[in-house]
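So the chains spell out like this:
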Amino acid sequence: MNVVIFTGGNGNANIIKHLKDIPYVNLSLLINGYDDGLSTGIIRSANQGMLGPSDFRKNFTYIIDDFTESNRNVKRLFEHRLTEDETHDLLNSPAELIAKLVGNQFQLDERADDFIKQYFILGAKQLLDFTKQFAELRGFSVGNIVMGGLFVETKDFNLALRNLTNQFQLTAQLINVSTEDDSKLVAFDADENLLKNEADIVNYQGEKPLKAFYLLPLAALVGLDDSKSYTIAEIEALAKVPSISKEAKLALEEADVIIFGSGTQFSSLLPSYRICQKAILAAPGKKVAIVNNQYDSDIRNISFEQFMDQILREIDPAQTDFFDAILVDRESLIKPKTITPSIIVQRIADANLKHDGQKLWNWICRAIDMQDGVVNIGVHFYGNSLGLVDKHYLPEIERLNADTSRKIRFVLGKETANAAYQLHIDASGKIALFEIDSWIDIVQMTQLDGVIGSRFESRRQLIRSLKHNFVESNRNFAVALATSYFVSFVYFLRFGRIKPDPLSGIYLVKGKYAISYRNISHFLKEVNRIPMVKLASLPIGYRTFKEFNLFAKVGTVLKNLVGLYV
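Rules and cut-offs
- Residues numbered from 1 in each chain as written.
- Predicted model: local features only at pLDDT ≥ 70, side-chain atom pairs only at ≥ 80, totals over all residues.
- Heavy atoms only, no water.
- Helix = DSSP H or I, 4+ residues; strand = E, 2+ residues; numbered from the N terminus.
- Buried < 20%, exposed > 50% of the residue type's maximum accessible area, 1.4 Å probe, protein only.
- Contact = heavy atoms within 4.5 Å.
- Salt bridge = Lys/Arg side-chain N within 4 Å of Asp/Glu carboxyl O.
- Pairing = 2+ DSSP bridges.
- Axes fitted to C-alpha atoms, helices over the stretch in contact; angles between N-to-C directions.
- Polar contact = N/O pair within 3.5 Å; in protein donor to acceptor, adjacent residues only side chain to side chain.
- Patch = residues over 30% accessible without salt bridge, like charges linked within 9 Å, V, L, I, M, F, W, Y side chains within 5 Å.
- Areas by Shrake-Rupley, 256 points an atom, 1.4 Å probe, with all protein chains shown as cover.
- 1 Å grid on protein atoms, 1.4 Å probe; cavity = no way out; pocket = protein on both sides within 12 Å on 5 of 7 lines; lining within 4 Å.
- Points joined across faces, edges and corners; volume = space filled by probe spheres on them.
- Nonpolar A, V, L, I, M, F, W, Y, C, P; charged D, E, K, R; others polar.
- Parallel < 35°, antiparallel > 145°, perpendicular 65-115°, else oblique.
- Phe/Tyr/Trp six-rings, centres within 6.5 Å; stacked < 30°, edge-to-face > 60°.

*Asks:* Break down the overall build of the protein for me, with residues and values.
*Replies:* Tallying secondary structure elements over the protein gives 24 helices and 18 strands in all. With respect to the three principal axes, the spread of C-alpha positions in the protein is 90 × 55 × 40 Å. By the burial criterion, 57% of the 566 residues in the protein qualify as buried. The contacts of the protein with a sequence gap of at least 6 include a subset with a gap of at least 24, amounting to 73%.

The following block contains the structure:
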């Protein structure tokens, strides 16, 4: 699954750390580099044409694997800020400073050691050629200096990012949203006063959200008259929208899920949406927005409606139903007045009101299967199950669908056409439909393509319970279990996969595959033709009745086994 997250430096740290370790997720982080505050502004000035490295540096520390002591020290070193003594050392000898840091505090393996030292020295030389002011250099992050060195070598910020990610074999991609660009971010506050840099935007102290933002070419920004008050129209006339990078465009084209993350809206996120607007609109993936839990300085006292409107202004104001899901924490300060099917209000934050990565991903996985606020499961009956429909299945479906607290709805007939999942039942016994809820959770969390129901766990429990007089005998169960082992072996010979109960006649599969069902053997052949299909065998509550005909069932099994080969 290809997952793209629009992010800044801090707002999505927990979900990024969670997703980077999930094997089936190919993660891409889309970040803009228009940060120019404090040390970032200095290093951009020292390296003409370089974008702000700080948000990329922070995200690098989230996605680098920390399985080795060297990688853990790389993370700490990248975030380390120079003390007063270390700043003096930088001015005297960058090579001696980085050797001391790596030798005494941040021990690295040979490969990382050579890389960090090379680019720190290169970046420090460029920085010191621009300024030797102690006050400007104190507190500089080591990671920013290293990234400056990568840019000095390549003169291409996007290539510098690729070299960094390749060096440390990252499991996720850091992608700059734009092509090479010297633009600077400016904004207007609620009273239409101009904020001339990103630092002023982040540190804005007004009681109302900012009103507008623009990206100005460096020449246009430098040419502004400090004594003049500019109108929005005047600044808009000078502004431009940088071109989207080919890496960002490709990531959006291939994304299965696009997450519009939380964070500082006017500096970290909204500029990225503006740059990527056309690619976002053309992207086929599911779109999920995460609402901030607290006010940032740029959106103080903002309402939920204003929050979403400002995002849609950058994408398409007319598409009010643009997002497949909008996730809001129950304790968020930015809560909707009315709930629509796409808005999901759940507990997705920890005690400190920071988004919990696992909870967020769980709800994102649920949300991408939802339609009108529920996950629809099309139910189909065949063969021996047809005799159980009116008496057993339809009453249970009616009862379960009447429970409005459930996020799963069973649908029949024509409604199954657009269902997220299709459940095929071709079994002589009765399955517990309410247990499909747990199947859906597992399928969503692990991104399985389908499930084969395994009946024997629950049948053994029934036989040993007080209800044993109403179900099959121990003899029948033993014969059925032995037959199932034999069937599993034959299934393995045919498809190269081990499943404990492959001819159960209970199958759940993602609706997108649109597999036609004729009989059990035909269905299994169709499923196994799907390249790289991921099937799991999961237990399901199941009972066979006293009138169960063992010999008829054995005949059906043999027929289905033959059908796997013809």
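*Asks:* Explain the pattern of salt bridges to me, and be specific about the residues and the numbers.
*Replies:* Tallied over the full model, the rule gives 20 salt bridges. A salt bridge links D113 to K117; the shortest N-O distance between them is 3.1 Å. Residue D113 and its partner K117 are located together in helix α7 (residues 110-130), separated by four residues, close to a single helical turn. We classify D113 as buried; its relative accessible area is 14%. For K117, a relative accessible area of 27% puts it in the partly exposed group. Linking R162 and E247 is a salt bridge whose minimum nitrogen-to-oxygen distance equals 2.4 Å.

*Asks:* Describe the sheet that holds strand β16 (residues 506-510), and please don't skip the residues or the numbers.
*Replies:* One open sheet accounts for six strands, arranged β12-β11-β13-β16-β15-β17; its pairing is mixed. Each edge of the sheet is formed by a strand with only one pairing partner; in this case those strands are β12 (408-411) and β17 (535-539). Strand-to-strand twist of the sheet, defined as the mean angle between neighbouring strand axes without regard to direction, takes the value 25 degrees. Relative to β12, helix α19 (residues 389-401) is tilted by about 145 degrees, and along the sheet it contacts β11 (375-381), β12 and β13 (421-425). Running over the sheet, helix α20 (residues 436-446) touches β11, β12, β13, β15 (450-454), β16 and β17 and is turned about 40 degrees from β16.

*Asks:* Which residues make up the side chain of Q346, and what values go with them?
*Replies:* Position of Q346 relative to the elements: it lies in strand β10 (residues 343-346). Q346 gets classed as buried once you look at its relative accessible area, which sits at 17%. Among residues more than four places away in sequence, those in contact with Q346 are V328, D329, R330 and W363.

*Asks:* Give me the lowdown on the side chain of S54, citing residues and values where you can.
*Replies:* Considering the arrangement of structural elements, one finds S54 in helix α3 (residues 54-63). Setting aside residues no more than four positions away along its own chain, S54 makes contact with D35, T40 and N144.

*Asks:* Go over the environment of D437, please, and point to the residues and values.
*Replies:* Residue position: D437 is located in helix α20. C-alpha of D437 to C-alpha of R409: the two residues are 28 residues apart in sequence and 9.6 Å apart in space. Those residues in contact with D437, other than ones at most four positions away along the chain, are R406 and I408. Only 2.6 Å separates the side chain of D437 from the side chain of R406, close enough to count as a polar contact.

*Asks:* Any chance you could break down a nonpolar patch on the surface for me, citing the residues and the numbers?
*Replies:* Side chains of F489, F492, L493, I498, V562, Y565 and V566 sit close together on the surface and give an oily, nonpolar patch of about 770 Å² of accessible area. Tracing the backbone shows V562 in helix α24 (residues 550-563).

*Asks:* Hey, could you go over helix α10 (residues 157-167) for me, with residue numbers and the actual values?
*Replies:* The complete set of buried residues in α10 reads F157, N158, A160, L161, L164, T165 and Q167. Those residues of α10 hidden inside the fold are in contact with α3, α4 (69-79), α7, α9 (142-154), β3 (172-176) and α14 (246-254). Capping of α10 at its N-terminal end is provided by D156; its side-chain oxygen lies 3.0 Å from the backbone amide nitrogen of N158. Following α10 by one or two positions, Q169 adopts a phi angle in the positive range, close to 50 degrees.

*Asks:* Describe in detail empty space enclosed by the protein, supporting the description with residues and values.
*Replies:* Under the counting rule described, the total for this entry stands at two cavities of 30 Å³ or more. When its volume is computed, the second largest cavity comes out at roughly 40 Å³. Along its surface, the second largest cavity is lined by G450, V451, I452, Y507, L508, V509, F523, L524, V527 and L535. Of all the secondary structure elements, the ones that give two or more residues to the lining of the second largest cavity are β15, β16 and α23 (520-528). Within the lining of the second largest cavity, the residues separate by chemical class into nine nonpolar, one polar and no charged.

*Asks:* Which residues make up the sheet that holds β3, and what values go with them?
*Replies:* Spatially, β3-β2-β1-β7-β8-β9-β10 is the arrangement adopted by the seven strands of the open sheet, whose pairing is parallel. In the strand order of this sheet, the two ends are held by β3 and β10, each with one partner. Adjacent strand axes in the sheet meet at a mean angle of 20 degrees, parallel and antiparallel pairs treated alike. Note: strand β2 (residues 26-31) against β3, five bridges, orientation parallel. Within β3, the residue paired with S28 across the bridge is Q173.

*Asks:* So what's going on with the packing of α7 against α9? Residues and values would help.
*Replies:* At a minimum axis distance of 7 Å, the contact between α7 and α9 shows a crossing angle of 85 degrees. With respect to α9, the element α7 is oriented roughly perpendicular. Along the contact surface, α7 presents F115, I116, Q118, Y119, F120, L122, G123, A124, Q126 and L127, while α9 presents V142, I145, V146, G148, G149, L150, V152 and E153.

*Asks:* Please provide a residue-by-residue account of the packing of aromatic side chains, values included.
*Replies:* Following the criterion strictly, the structure yields 18 aromatic pairs and no others. Geometrically, the ring pair formed by F6 and Y273 is edge-to-face, given 5.2 Å between the ring centres and 90 degrees between the ring planes. Within this pair, whereas F6 is found in strand β1 (residues 2-6), its partner Y273 is found in helix α15 (residues 265-275), the two being separated by 267 residues in sequence. Pair check on accessibility: F6 and Y273 agree, each one buried. Judged by centre distance (6.1 Å) and plane angle (85 degrees), the ring pair of F213 and F266 falls under edge-to-face.

What is shown is where atoms sit, not what they do.
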